[in-house]
Amino acid sequence: MKLTNTLFAGTLLLALWSCGDSVSDSDAVDWPPAPDGYKWPDIKDAAMEFKTVANADLESDVKKAVATLKSRYSPDDVTFARSDLNADGRDEILIKAHHYGFAPSFAILSPDDSGRFSDIGWISGEQIFPCERIDGWQSLQTRSGSEQIRQLYSFREGLYHRTRSEQRDATTGTVTILPKTQAEGSAGQPATRFESDSQSGDKPQPESERRSQ
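Residues numbered from 1 in each chain as written. Predicted model: local features only at pLDDT ≥ 70, side-chain atom pairs only at ≥ 80, totals over all residues. Heavy atoms only, no water.

(A) Region of interest: the side chain of glutamate 92. Along the polypeptide, glutamate 92 turns up in strand β4 (residues 92-100). The class of glutamate 92 is buried, set by a relative accessible area of 0%. Polar side-chain contacts of glutamate 92 include one of 2.8 Å to the side chain of serine 110. (Helix = DSSP H or I, 4+ residues; strand = E, 2+ residues; numbered from the N terminus. Buried < 20%, exposed > 50% of the residue type's maximum accessible area, 1.4 Å probe, protein only. Polar contact = N/O pair within 3.5 Å; in protein donor to acceptor, adjacent residues only side chain to side chain.)

Here it is as structure tokens:
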């Protein structure tokens, strides 16, 4: 009986220790080293969870974010996720646009002090993982093609830019560095991008660009 209790206590202690471990790549599949030795920012959390909600049932801030984009398809519902990417206490909202190539594209909308949203970039991928912060903004890693492609998006000069793309051979595990023009949709932009709702038709200056100065 004492042996059983001892084993149980040991198992419980190990479980408690494991709960305190920091997240490492979460549910992302391990990736072989890059041929040039590039060190990717560490993944800090699980893949973002998106939910689909009917337009009529959207929360007010999500409605404002959606209103900054115009879709020629006028969807009846919206697929989105929230994340405070710059740690200012206000959630950025990622809205799924549509599939371009073999992965969906997402617009990232950032609110200013008045609650007005601005487009601060587009990313592409089937899974989106928050990574280390760079200059206050969370870098994002996406995975696509059954974990065969990963891309890194970093925030600079008021926008998210794709800064790294790699492809992994499923058979050999060999990693190939992809040029920017070769990976999903050229910087993750969908072929038919949502238009801004500004009357002039010009893209509004991202508020985040002024905040990042």
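Let's pick the thread back up.
(B) Summary view of the pattern of salt bridges. Overall, the coordinates contain 9 salt bridges when judged by the stated rule. We note a salt bridge from arginine 90 to aspartate 113, for which the minimum N-O separation is 2.8 Å. A residue pair is termed long-range when its members are at least 10 positions apart, and arginine 90 in the loop between β3 (77-83) and β4 and aspartate 113 in the loop between β5 (103-111) and β6 (117-124) qualify at 23 residues. Accessibility expressed as a relative area gives 23% for arginine 90, which makes it partly exposed. Assessed through its relative accessible area of 68%, aspartate 113 is described here as exposed. Taken together, the shared-partner salt bridges connect Asp36, Arg150, Arg164 and Glu166 into one network. (Salt bridge = Lys/Arg side-chain N within 4 Å of Asp/Glu carboxyl O.)

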